[in-house]
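What follows is each chain in one-letter form.
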Amino acid sequence: MTSHDLLAILPELALVLGGGVLVLAEVFAPSLRRAFGPLAALIALGAMLLRWTVLVDGTAFAEALRLDELGRFVDTYVLVAVVLAALVAVPYLRRTKHEFGEFYGLLLWAAAGAMVMAKTDHFLVVFVGLELLSIGLYVLNAFHRTSGISLEAGWKYLVVGAFAAAILLFGIALTYGATGTFSLAEVAARIANGEGLSGSLLLAGLALILAGFAFKLAVVPFHAWAPDVYQGSPTPVTAFLSVVPKGAVLVVLMRVSAAFVPAALTPRWLPLLAAVAVASMVLGNLVAIAQRDLKRMLAYSGIAHMGYALVGLVAFGRDGLAGILVYFAAYTLMNIAAFAVVAAFSESEDEPHLLTDLAGQGWKRPVLSLALSIAMFSLAGIPPTVGFTAKFLVFRAAVNEGWVWLAVVGVLASLVSVFYYVRVVFYLYMKPLPKREPAYSEPWSIRLVAAGCAAAVVALGVLPAWLLELAEAAAATLVR
Amino acid sequence: MLDWLVAHVVPIVFYTAAVLVVAGAIGVIWFRNPIHAALSLLATFLAVAGLFVLQHAEFIAAVQIVVYAGGVMVLFLFVMMLVNVRTLPREYQYVRSLLPAAVVTGGFLAAVVAAGLFARSYLAAADPAALTAVEGQTMGNTEAVGWVLYRDFLLPFEVVSLVLLVAMLGAIVMGRKDRREEDAGEEAR
């Protein structure tokens, strides 16, 4: 290990050590408990600062890590999600009397796993990074131990996650058997040398890898866990869970596609991805209509959104990948805005977070309601929000690459989605207050997160050039 | 006689260890006393270590003894002696007849072994020298493992150590006494 290697993982080290300090502080300085959440957010901000100031390029750790624009983009997005989730968690954990340092420690460590995944092109590191992320999330899902549905969420995620990990590992083993290497860079180099990689072993390996990742992405037909886990998990964890693992997995899929797709696999790989994308968009949006619980509705909406993101992966090319990256950013902001508002519901956590509980809140709680409405418009893809920009980029890339029918299906599916997203806004502003009003708590940090995300959604929707430039630079590391 | 033994030491050790592995595994499910079952498992662990030595994987053999025969087995025995289970109760069997299940799993295992043996005749045998060579230099197996582990696979190795820390902490979080339960206990006192 050289100083170059250490500099390369400085942000991850900061997260890991910071998480350790918070866990120890729980034991040795419990009086600081109130400061843990803001401290965790500060640590994540510090890691982000390190990522953008200590610029190390090339590879590190015997080519296990690849430091490029793409890694930096995804790291930023993971860390933003950590900051927002930590801020939402402060009042939530206090209210549910689960204010422990371990929560933030696990959050930071899981994020470190996602960041390692985002930067590697070594299958073994992908696997251990994913395990670090997943094991942290198993515990975070069940963190609300007095709640039955939280334990159920943790248990379901554990079983499904272990299953997915086994499938992924099997796929990695078969791919290793077919290529003789764990390194994606070496695969790409061999294909560039004209060495044709094909054969049923490699195809089976890649299909299993895709299946393992599809579990984590919650795309059809591997989506069944999502609604229960989203509903049962503590809401700040749901916010984190709904964006960070998906982003990390998508970036690995992007790297895998970039390395393998030219190897005469295109005719099989792309229809497979397209089929998964179509199934996710259609099923996610149709079933979301029937949901009465806001968290379950957002789970199905997440399934559909991963379908849109996969459209970008099918289109591939620089535009498609840049579209996916913009999608990450957009999805993070609008989803966390929505979950922050859901976290303000202060009924018992075992109760469903019903849509009807929102009735009439629009004029009573202007900040939260406006933020939720903007998030819903953005999720539906209505301009001038960043959700529209993201969908536009992804579908444009698909049309340019000749996947017109896929883009048409995507647009039709998102037309359907407008119904259930706008229904939320309808309940907020156009329904009278019910006689028995549900309890709300509206602490500053939740208001800050919701308002900040909503403002960013609109700002990036009006002026997307800055985000798009970053995303294109990141995509250029994979595709010329 | 001695010459014959020397010439055939590898097959003799292999079949002895193989019989011990299977016999130990059968013993684990055969003995009603959990301590006996655990000690029977110990025989399997040790015999597997012997098989690793035969494959020139001395490092894995040592790890097998230190970690499994040492650490894991002591942990098992500790737990069993702490909870003080004498014999396992006879439980209701959901499967009335084990014969079909035994035939199916046994047949499947036989098919897998046969496929492996069939494939073995087509594939070149693994080169034992590869277990001790790093970049053209020959060294001990443990040294070679160390080289690969701490140079080529340093990052996954470090991340795995973090994974273990997270798993341990997660178990503690899940198993911890609730603060409210503790408060209630103190009030009652």
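Details of the structure are given in the entry above.
Residues numbered from 1 in each chain as written. Chains lettered and ligands numbered in written order. Predicted model: local features only at pLDDT ≥ 70, side-chain atom pairs only at ≥ 80, totals over all residues. Heavy atoms only, no water.

1. Examining the packing of aromatic side chains
All names here are of chain A. In the structure shown here, the tally under the stated rule is 21 aromatic pairs over all chains. Centre to centre, the rings of Y157 and W225 are 5.1 Å apart; their planes meet at 55°, and the pair counts as tilted. Of this pair, Y157 sits in helix α7 (residues 148–179) while W225 sits in the loop between α9 (200–217) and α10 (226–232); the two residues are 68 residues apart in sequence, bridging distant segments of the chain. Judged on exposure class, the residue Y157 and its partner W225 are both buried. (Phe/Tyr/Trp six-rings, centres within 6.5 Å; stacked < 30°, edge-to-face > 60°. Helix = DSSP H or I, 4+ residues; strand = E, 2+ residues; numbered from the N terminus. Buried < 20%, exposed > 50% of the residue type's maximum accessible area, 1.4 Å probe, protein only.)

2. Points about the layout of surface pockets
Considered as a void within the structure, the largest pocket measures approximately 650 Å³ in volume. Together, 18 residues line the largest pocket, and Y176 and F182 of chain A together with V148, D152 and F153 of chain B are the ones closest to its centre. Broken down by secondary-structure element, the contributors of at least two residues to the lining of the largest pocket are α8 (184–192) of chain A together with α4 (58–83) and α6 (141–152) of chain B. Among the elements that line the lining of the largest pocket, the one with the most residues is α6 of chain B, at four residues. Here the lining of the largest pocket is built from residues that sort into 11 nonpolar, four polar and three charged. (1 Å grid on protein atoms, 1.4 Å probe; cavity = no way out; pocket = protein on both sides within 12 Å on 5 of 7 lines; lining within 4 Å. Points joined across faces, edges and corners; volume = space filled by probe spheres on them. Nonpolar A, V, L, I, M, F, W, Y, C, P; charged D, E, K, R; others polar.)

3. Brief notes about the pattern of salt bridges
Residue and element names in this part refer to chain A. With the rule as written, the count across this model stands at 15 salt bridges over all chains. Across the pair D228 and K156 runs a salt bridge whose closest N-O atoms are separated by 2.6 Å. Here D228 is found in helix α10, whereas its partner K156 is found in helix α7, with 72 residues between them in sequence. A relative accessible area of 23% places D228 in the partly exposed class. Residue classification places K156 among the partly exposed residues on the basis of a relative accessible area of 28%. One network of salt bridges, with partners in common, ties together E12, R51, D75 and K119. (Salt bridge = Lys/Arg side-chain N within 4 Å of Asp/Glu carboxyl O.)

These results come straight from atomic positions and should not be treated as a statement about function.
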